[in-house]
Amino acid sequence: MPIHYNFTKLKDSIESNASSAVKKTGEFIEISKLNLDISCEEKKIDVLYAKIGKKIYAQYMKDRFVNNNFIKYCKEIDEIKYKISSIEKKILKVQNKKICPLCGNELTKNAVYCEHCGFKQKTRKKS
Ligand SMILES: [Zn+2]
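As recorded in an unreviewed UniProt entry, the chain goes by the name Zinc-ribbon domain-containing protein, listed as coming from Clostridium pasteurianum DSM 525 = ATCC 6013.

Here it is as C-alpha cells:
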C-alpha cells in the first residue's frame, strides 16, 4: 500500500470525524433549543394549573365546599395561610407595630386611635 494512499485515508478520516463532530454539535444545539421550547410550553401549563387551583380555592373559600378530591389541598392552603399570618404577626411584634382591626393599616403598638380611620384601639393594661 503506498504511503500516499494511507495519508489520503487518514485525511479523509479526520475530515469525516470533524464533520461528524460539527454535525453532533449542531444536533446538540438544535436539541437544546427544542428542549428549551418544551420547557417554555410546560411553564405555560404550570401557570394554567395554578389558575385552575386558584379558582378551586376561591370556590372553596366562598362555599366552604369543593369536590372531595380538592378539599385536602384547600385545607392545606388554609393551614399555610394561617402560618403566614402568624409570621406576619411576629414581624409586627419585632417592629413594635399592630394592625388596626377596622381598616387594616399598620399602627405603632401604643397608638390609642388609628391615624387612618380614627378607630379607638383596644389598649392592653400593663401588669
Ligand atoms: Zn384604622
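A. Looking closely at helix α1 (residues 3-63). Spanning 61 residues, α1 covers 88 Å between terminal C-alpha atoms, matching the ideal 90 Å at 1.5 Å per step. Along α1, the residues that are buried comprise Ile-56, Tyr-57 and Tyr-60. Arg-64 sits one or two positions beyond α1 and adopts a positive phi of about 55 degrees.

B. Seen up close, the side chain of Gln-121. Along the chain, Gln-121 turns up in the segment after β2 (106-108). Relative accessible area serves as the criterion here: at 5%, Gln-121 is assigned to the buried category. From its side chain, Gln-121 meets the backbone oxygen of Phe-119 in a polar contact 3.0 Å long. Every residue in contact with Gln-121, bar those within four places of it in the chain, is listed here: Lys-98, Ile-99, Cys-100, Pro-101, Leu-107, Ala-111, Val-112, Tyr-113 and Cys-114.

C. Spatial organisation of the coordination of the zinc ion. For the zinc ion, every protein donor is listed as Cys-100 (SG), Cys-103 (SG), Cys-114 (SG) and Cys-117 (SG), and the spread of their distances is 2.3 to 2.4 Å. Considering all 4 donor atoms around the zinc ion, the spread of angles at the metal, 106 to 116 degrees, places the coordination shape in the tetrahedral class. One chain supplies every donor for the zinc ion, spaced along it as C-x2-C-x10-C-x2-C. In this pair, Cys-103 is assigned in the loop between β1 (97-99) and β2 and Cys-114 in the segment after β2, connecting sequence segments 11 residues apart.

D. Representation of the domain arrangement of the chain in the model. Under the domain assignment used here, the chain contains domain 1 (3-66) and domain 2 (96-127). Each of domain 1 and domain 2 has a C-alpha centre, and these two points are 55 Å apart.

E. Just unusual backbone geometry, in detail. A positive phi angle is found at Arg-64, which is not glycine, with a value near 55 degrees. Secondary-structure assignment places Arg-64 in the loop between α1 and α2 (68-94). For Asn-96, which is not a glycine, the phi torsion comes out positive at approximately 60 degrees. Tracing the chain through its elements places Asn-96 in the loop between α2 and β1. Judged by relative accessible area, which is 48%, Asn-96 ranks as partly exposed.

F. Broad picture of the UniProt feature "domain: Zinc-ribbon" (unreviewed entry) in the chain. Here the UniProt feature "domain: Zinc-ribbon" (unreviewed entry) sits at residues 100-120. Between the first and last C-alpha atoms of residues 100-120 the distance is 9 Å; the span itself is 0% helix and 14% strand.

G. Geometry of the packing of α1 against α2. It is at 10 Å that the axes of α1 and α2 come closest, and there the two elements cross at 80 degrees. When the axis of α1 is compared with that of α2, the two are roughly perpendicular. Contacts between α1 and α2 involve Ile-56, Tyr-57, Tyr-60 and Met-61 from the first element and Phe-70, Cys-74, Lys-75, Ile-77, Asp-78 and Lys-81 from the second. Across the contact of α1 with α2, the residue classes tally to 7 nonpolar, no polar and 3 charged.

H. Geometry of the packing of aromatic side chains. Tallying each qualifying case throughout the model produces 1 aromatic pair. Ring geometry for Tyr-57 versus Tyr-60: centroids 5.6 Å apart, planes at 35 degrees, classification tilted. With Tyr-57 and Tyr-60 both in helix α1 and 3 residues apart, this pair spans about one turn of that helix. In this structure Tyr-57 comes out as buried when scored by relative accessible area, which is 8%. Classification of Tyr-60 as buried rests on a relative accessible area of 4%.

Procedures and definitions
- Residues numbered from 1 in each chain as written.
- Predicted model: local features only at pLDDT ≥ 70, side-chain atom pairs only at ≥ 80, totals over all residues.
- Heavy atoms only, no water.
- Helix = DSSP H or I, 4+ residues; strand = E, 2+ residues; numbered from the N terminus.
- Expected span 1.5 Å × (residues − 1).
- Buried < 20%, exposed > 50% of the residue type's maximum accessible area, 1.4 Å probe, protein only.
- Polar contact = N/O pair within 3.5 Å; in protein donor to acceptor, adjacent residues only side chain to side chain.
- Contact = heavy atoms within 4.5 Å.
- Donors = N, O, S within 2.8 Å, 3.2 Å for Na, K, Ca; no water.
- Tetrahedral: all angles 85-135°; square planar, octahedral: opposite > 155°, others 65-115°.
- Domains from an automatic or database assignment.
- UniProt positions renumbered as here; feature names shortened; annotations may be inferred.
- Axes fitted to C-alpha atoms, helices over the stretch in contact; angles between N-to-C directions.
- Parallel < 35°, antiparallel > 145°, perpendicular 65-115°, else oblique.
- Nonpolar A, V, L, I, M, F, W, Y, C, P; charged D, E, K, R; others polar.
- Phe/Tyr/Trp six-rings, centres within 6.5 Å; stacked < 30°, edge-to-face > 60°.

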